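Per-entry structural report
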Amino acid sequence: CPPMPDDVYDLIIVGGGPAGAVAAIYAERRGLRTLLLDKERFPRDKICGDALSGKAIAILHELQLLEEVKRLPGASIRYVVFGSPEHRDAEIDLERHSHRDLLTGSELTGQGCVIRRQIFDNFLFQQARTRVDRCIEGFAVEQLDYDADSDLRLVRGRKQDSGKLTELRGRIVLGCDGFNSVVARHCGLYKHESRHWVVALR
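Residues numbered from 1 in each chain as written. Predicted model: local features only at pLDDT ≥ 70, side-chain atom pairs only at ≥ 80, totals over all residues. Heavy atoms only, no water.

In this structure, strand β11 (residues 139-147) lies alongside strand β12 (residues 152-159), joined through 8 bridges in antiparallel fashion. In the strand pairing of β12, Asp147 is matched with Leu152. Taken together, the 6 bridges between β12 and strand β13 (residues 165-175) define a ladder with antiparallel strand orientation. Looking across to β13, one finds that Leu154 is bridged to Arg169. (Pairing = 2+ DSSP bridges. Helix = DSSP H or I, 4+ residues; strand = E, 2+ residues; numbered from the N terminus.)

Let us look at the packing of aromatic side chains. Overall, the coordinates contain 1 aromatic pair when judged by the stated rule. A ring pair is formed by Phe42 and Phe125, whose centres lie 3.9 Å apart and whose planes are at 5°; its orientation type is stacked. Highlighted residues: Phe42 in the loop between β2 (34-38) and β3 (51-52) and Phe125 in helix α4 (residues 117-129), separated in sequence by 83 residues. The cationic tip of Arg185 hangs over the ring face of Tyr190; the distance from NZ or CZ to the ring centre is 3.8 Å. (Phe/Tyr/Trp six-rings, centres within 6.5 Å; stacked < 30°, edge-to-face > 60°. Lys NZ or Arg CZ within 6 Å of the ring centre and 35° of its normal.)

Note that side chains of opposite charge can pair when their charged atoms are close. A complete count under the given rule lists 13 salt bridges for this structure. Two residues, Glu67 and Lys70, come together in a salt bridge whose shortest N-O distance is 3.6 Å. You can see Glu67 and its partner Lys70 sitting in helix α3 (residues 66-70), 3 residues apart, about one turn around the helix. On the accessibility criterion, Lys70 (44% relative accessible area) is partly exposed. Measuring nitrogen to oxygen at the nearest pair gives 2.9 Å for the salt bridge that ties Glu142 to Arg158. Of this pair, Glu142 sits in strand β11 while Arg158 sits in strand β12, placing them 16 residues apart in sequence. Judged by relative accessible area, Arg158 falls into the partly exposed class, the value being 32%. In this structure, a network of salt bridges that share partners links the residues Arg44, Arg117 and Asp121. (Salt bridge = Lys/Arg side-chain N within 4 Å of Asp/Glu carboxyl O. Buried < 20%, exposed > 50% of the residue type's maximum accessible area, 1.4 Å probe, protein only.)

One turn of an α-helix holds 3.6 residues; hence residues three or four places apart share an orientation. Three or more residues of helix α2 (residues 54-62) are buried, namely Ile57, Ala58 and Leu60. Down the axis of α2, the sector holding all buried residues measures 165°, keeping them to one side. Buried residues along α2 sit against β3, α3, β7 (98-100), β8 (107-109), β9 (112-114) and α4. With its phi angle positive at about 60°, Gln64 sits one or two positions after the end of α2. (Arc of directions from axis to C-beta. Contact = heavy atoms within 4.5 Å.)

Scope: geometric values only; no functional claims are made or implied.
Listed below in structure tokens is the structure:
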């Protein structure tokens with residue numbers, strides 16, 4: 001392949017929350033030239049139950065970030081209680097069983113934790129920003145397009161401070177921009193079904 005121009009990225013990640021930050025870290029492992037965008041500036045908070053379950057723990061372990069995450073302000077989870085409307089409860093002791101990570105094959109002790117999103121998301125974002133080629137905070141994506149001549153995806157948006165419309169170019173755009181995803185809307189994939197909703201309380 002011919003060398004890539006400096007202003008073209010292998011991967012443009014829209015959204016710097018946990019999904020986008022982790023994607024950026026994996027992209028760096030694969031040697032991809034990556035641009036990370038987020039409409040907010042970190043640290044920022046999110047309404048959430050703040051729990052990190054076994055799958056999240058397994059990914060953090062694979063990325064060699066788990067020990068640092070355990071040192072963040074928060075609480076460890078040792079068991080989970082499921083309750084029904086009929087007041088029947090089922091308690092699961094997480095420490096009684098190990099968890100085999102299907103991604104890595106590692107055996108992990110059953111564990112979880114609760115860390116406020118303002119703290120956890122900022123930790124992951126700071127990890128990611130050191131691994132990408134460029135990171136832009138305060139950048140609101142407005143449009144997505146495709147240039148058939150160059151076979152590139154075009155991301156257009158504005159920085160909060162300047163308000164100037166800017167165009168960014170990449171081979172792949174990854175939408176990690178959450179519940180109201182701009183990327184999903186522009187790709188015709190935005191659909192919410194109430195039967196798939198989950199509510200978390202802080």
